[in-house]
Amino acid sequence: MISFWPRPRPELCLGIAPRLPLESSPLAALGLMMWRPSLLLLLLLLRRGAQGKPSPDAGPHGQGRVHHAAPLSEALHDDAHGDFQYDHEAFLGREVAKEFDQLTPEESQARLGRIVDRMDRAGDGDGWVSLAELRAWIAHTQQRHIRDSVSAAWNTYDTDRDGRVGWEELRNATYGHYEPGEEFHDVEDAETYKKMLTRDERRFRMADQDGDSMATREELTAFLHPEEFPHMRDIVIAETLEDLDKNKDGYVQVDEYIEAGEEEPAWVRTEREQFRDFRDLNKDGQLDGSEVGHWVLPPAQDQPLVEANHLLHESDTDQDGRLSKAEILGNWNMFVGSQATNYGEDLTRHHDEL
C-alpha cells in the first residue's frame, strides 16, 4: 500500500455555485444562527469569497478553482447617495479598484487619463470615448479575473512544463499521488473525495473537446469556468442538480431548495416565494433540469453595456452621445475615485479636522 504526499488539497477542489440574486446573501446570513442551512444557503455565503476553501464536510462546492460569472460588483448601485463603489469596480475590476483606493485624487485622475487614452486607442482613436469603447473596456475588466486565475492554475497543473495540462497532472496536483485502488485511504471522509474526483474527471472530459486527455489553455479555462462556455452548460446543470437533489429523483423540490425549521422568518418566506414565482416556471412544485438551467445560467444580460450606458448618461455633459477626456476626468470620482482623501471630501476640510 503506497501513496505519496501531498494529500488532497481542498482549496483546489472544484464546485459550481448557482448565480443567485444579490439580495439573497444577507437574508441567508441572518438565518444561519437559527436555521440549518441547505446547500443553497451555504453557497450564498460562500459566493462572497472568491477564494473560499471547502472542507470535505462541505463537499465539492467551494470556489477555490471555479470563479463564477459574477455581477460587475457586489456593491449596491447607489449613486444617488454618493456611493460609487459599484461603478469603480465595474470600470476598474475589483482588485484594481482597491489599488485606486490608496491613491491621492491627483494620482487617481492621472491614471484615469491614461485609461481613457487606452480605451480610445483600442477603438477608433478619434479622441472620444464612444459607448462601444466604454462597453469593451468594462467587459475587459470583467474577464480579467478569469485570465488571471487560469494563468495561476496553469503554473500549478502543468507540472512537466510541456504547455499542456494532462488529466493525470491535474488529478495528482489536486488530490495527491495514489496507487490504483488506494485512493484516499489515508484521509477522512474518503467517499466525499472520491465523488469530488469523479466530478472533476467528468468535467475535465467535457472540457477536453478533442478527447486527447490534455487540456489546452482554452480547455482548462472551460474546466475552471464552465459557466462561461455554452458546451459546458449541461455540466453546470448536472452538478447543481446533484448538489440539491437530496432524494435523487431528478428534481429539486422546494424543501431541497431551502430547509427550514418550525417557524419561518421573513427571509425564508421570501426564498419560498422566489422558488414559486420565478424558479418553478411550469408551476409543478419542483425544478427540472431546464428550470435549473434557467436559474443558474439565465438568459444573459449585457452587464457591461448597461453600466457603460449609465456612465455615459451621467458624464455626457454636452449630450452628444460620446465622452471627451475632459468629461470623464470631470466626473472622475464616479469612474475611479480615491479613499486616500475620502473620495476628495477631505480636501475641503481644514488640516486640523483630519
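Attention here is on the structure that accompanies the text. (Residues numbered from 1 in each chain as written. Predicted model: local features only at pLDDT ≥ 70, side-chain atom pairs only at ≥ 80, totals over all residues. Heavy atoms only, no water.)

**Considerations on the pattern of salt bridges**
Logical step 1: Tallied over the full model, the rule gives 15 salt bridges.
Logical step 2: Across the salt bridge formed by Lys98 and Glu95, the nearest N and O atoms sit 3.5 Å from each other. Here Lys98 and its partner Glu95 are both found in helix H4 (residues 94–101), three residues apart, which amounts to about one turn of the helix.
Logical step 3: Residue Lys98 is classed as partly exposed on the basis of its relative accessible area of 48%.
Logical step 4: We note a salt bridge from Arg202 to Glu242, for which the minimum N-O separation is 2.7 Å. (Salt bridge = Lys/Arg side-chain N within 4 Å of Asp/Glu carboxyl O. Helix = DSSP H or I, 4+ residues; strand = E, 2+ residues; numbered from the N terminus. Buried < 20%, exposed > 50% of the residue type's maximum accessible area, 1.4 Å probe, protein only.)

**A few points about helix H8 (residues 190–207)**
Logical step 1: For H8, which comprises 18 residues, the first-to-last C-alpha distance of 26 Å matches the rise-based estimate of 26 Å (1.5 Å per residue) to within 8%.
Logical step 2: Among the residues of H8, those classed as buried are Ala190, Thr192, Tyr193, Met196, Leu197, Arg199, Asp200, Arg203, Phe204 and Ala207.
Logical step 3: Its buried side turned inward, H8 meets strand E2 (165–166), helix H7 (167–175), strand E4 (214–215), helix H9 (217–224) and helix H10 (233–244). (Expected span 1.5 Å × (residues − 1). Contact = heavy atoms within 4.5 Å.)

**Describing the environment of Gln85**
Logical step 1: Structurally, the position occupied by Gln85 is in helix H3 (residues 85–92).
Logical step 2: The class of Gln85 is buried, set by a relative accessible area of 16%.
Logical step 3: Here the alpha-carbon distance between Gln85 and Phe335, two residues 250 residues apart in the chain, equals 9.1 Å.

**Some words on the packing of helix H6 (residues 131–157) against H9**
Helices that pack against each other are described as a pair by the angle of their axes relative to one another and the distance between those axes.
Logical step 1: The N-to-C vectors of H6 and H9 enclose an angle of 105°; their axes lie 10 Å apart at closest approach. With respect to each other, H6 and H9 are oriented roughly perpendicular. Along its contact with H6, which presents Ile146, Val150, Ser151, Ala153, Trp154 and Tyr157, the element H9 presents Arg217, Leu220, Thr221 and Leu224.
Logical step 2: Classifying every residue of the contact of H6 with H9 by side-chain character gives seven nonpolar, two polar and one charged. (Axes fitted to C-alpha atoms, helices over the stretch in contact; angles between N-to-C directions. Parallel < 35°, antiparallel > 145°, perpendicular 65-115°, else oblique. Nonpolar A, V, L, I, M, F, W, Y, C, P; charged D, E, K, R; others polar.)

Note that every value here comes from positions in space, so none of it alone points to a role or purpose.
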